[in-house]
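Remarks on the overall topology
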Amino acid sequence: MSGGSRQYTKGQVKPTAPPGRVLPGRLTSYLRLQNASKRLALEVHHALGAVGIEESAFLTLSLLDTACAGASTPAVMAALSGQSRTNLTHICDWLLKQGFITRRQAEADRRRVEVQITEKGRQRLPELRRAFEAALTQAVRSLSEEEACRVEMLLACCDHDE
């Protein structure tokens, strides 16, 4: 690669321009956002791994509890979580094996499968959420409360489908 150099620090790539040149603002912003996303993902991965769950399983269990009032279908869960239905099936297999959910055929339509959070899953969520929140807090530790709120507001503006 010719041009800018890359400096690696704790899993982070910092964009630097060649001497006498400046990266365009939008490219620099994109790279900063990408690096922040990688750092956040790493913090969440470590925090949730320390309590014995993968991020995708935590998100699925949390969405099932909050967005779906405790019960849903894999198709709805896949749409909410951004997972493929195949991947969500694997996640649900793991959650089922842990005793965090149940899976059964719908009574009204036997072709339809429903998943439901168990009491064990509900009891485990507070610990998992604390680990997740701690990771988020750690990821933005250098920001003031006002700056963190501003970042959340800006990200919310970007959160739309076109």
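An account of the accompanying structure is given in this report. (Residues numbered from 1 in each chain as written. Predicted model: local features only at pLDDT ≥ 70, side-chain atom pairs only at ≥ 80, totals over all residues. Heavy atoms only, no water.)

Structural notes on the overall build of the protein chain
Scanning the protein chain for helices and strands turns up 6 helices and 5 strands. The helix and strand sequence of the protein chain, counted from the amino end, reads β-β-α-α-β-α-α-β-β-α-α. Relative to its full complement of 162 residues, the protein chain shows a buried share of 25%. Sequence separation of at least 24 residues holds for 46% of the intrachain contacts in the protein chain that already meet a minimum separation of 6. As displayed, the protein chain offers around 11400 Å² of accessible surface, 53% of which is attributable to carbon and sulfur atoms. (Helix = DSSP H or I, 4+ residues; strand = E, 2+ residues; numbered from the N terminus. Buried < 20%, exposed > 50% of the residue type's maximum accessible area, 1.4 Å probe, protein only. Contact = heavy atoms within 4.5 Å. Areas by Shrake-Rupley, 256 points an atom, 1.4 Å probe, with all protein chains shown as cover.)

So, the pairing of strand β5 (residues 113–117)
As defined by bridge partners, strand β3 (residues 71–72) adjoins β5 across 2 bridges and the pair is classed as antiparallel. The residue bridging A71 from the neighbouring strand is Q116, located in β5. (Pairing = 2+ DSSP bridges.)

Description of the sheet that holds strand β4 (residues 101–105)
Across the sheet, which stays open at both edges, the 3 strands sit in the order β3-β5-β4 with antiparallel pairing between neighbours. Single-partner strands in this sheet number two, and they are β3 and β4. As judged from the 5 bridges shared by β4 and β5, these two strands associate in the antiparallel manner. Pairing of I101 across the sheet is with I117, part of β5.

Digging into a nonpolar patch on the surface
A contiguous nonpolar surface patch, about 380 Å² in accessible area, is contributed by L33, V140, L143, V151 and L155. Along the chain, L155 falls in helix α6 (residues 145–158). Residue classification places L155 among the partly exposed residues on the basis of a relative accessible area of 45%. (Patch = residues over 30% accessible without salt bridge, like charges linked within 9 Å, V, L, I, M, F, W, Y side chains within 5 Å. Salt bridge = Lys/Arg side-chain N within 4 Å of Asp/Glu carboxyl O.)

Some points on the layout of surface pockets
Empty pockets left among the atoms are what a rolling probe the size of a water molecule brings to light. Put simply, the largest pocket is a space of about 690 Å³. Lining the largest pocket we find 18 residues, and of these A36, L40, V140, V151 and L155 sit closest to its centre. Where the lining of the largest pocket is concerned, the elements lending two or more residues are α1 (25–50), α5 (119–139) and α6. In terms of residue count, α1 provides more of the lining of the largest pocket than any other element does, 7 residues in total. Residues of the lining of the largest pocket, tallied by class, amount to 13 nonpolar, 2 polar and 3 charged. (1 Å grid on protein atoms, 1.4 Å probe; cavity = no way out; pocket = protein on both sides within 12 Å on 5 of 7 lines; lining within 4 Å. Points joined across faces, edges and corners; volume = space filled by probe spheres on them. Nonpolar A, V, L, I, M, F, W, Y, C, P; charged D, E, K, R; others polar.)

As for the packing of helix α2 (residues 55–66) against helix α3 (residues 74–81)
Here α2 crosses α3 at 110°, and the two axes come no closer than 10 Å. Considered as vectors, α2 and α3 are oriented roughly perpendicular to each other. Read as a crossing pair, α2 and α3 show a hand that is right-handed. Taking contact as the criterion, the partners of T60, L63 and L64 in α2 are, on α3, M77, L80 and S81. Residue composition of the contact of α2 with α3, by class: 4 nonpolar, 2 polar and no charged. (Axes fitted to C-alpha atoms, helices over the stretch in contact; angles between N-to-C directions. Parallel < 35°, antiparallel > 145°, perpendicular 65-115°, else oblique. Left-handed = near helix turned anticlockwise from the far one by under 90°.)

Comments concerning α2
In an α-helix, one full turn covers 3.6 residues, which means residues spaced three or four apart are oriented alike. In a regular helix each residue adds 1.5 Å, so 12 residues correspond to 16 Å; α2 covers 16 Å between its end C-alpha atoms and thus fits that length. A57, F58, T60, L61, S62, L64 and D65 are the residues of α2 that are buried. (Expected span 1.5 Å × (residues − 1).)

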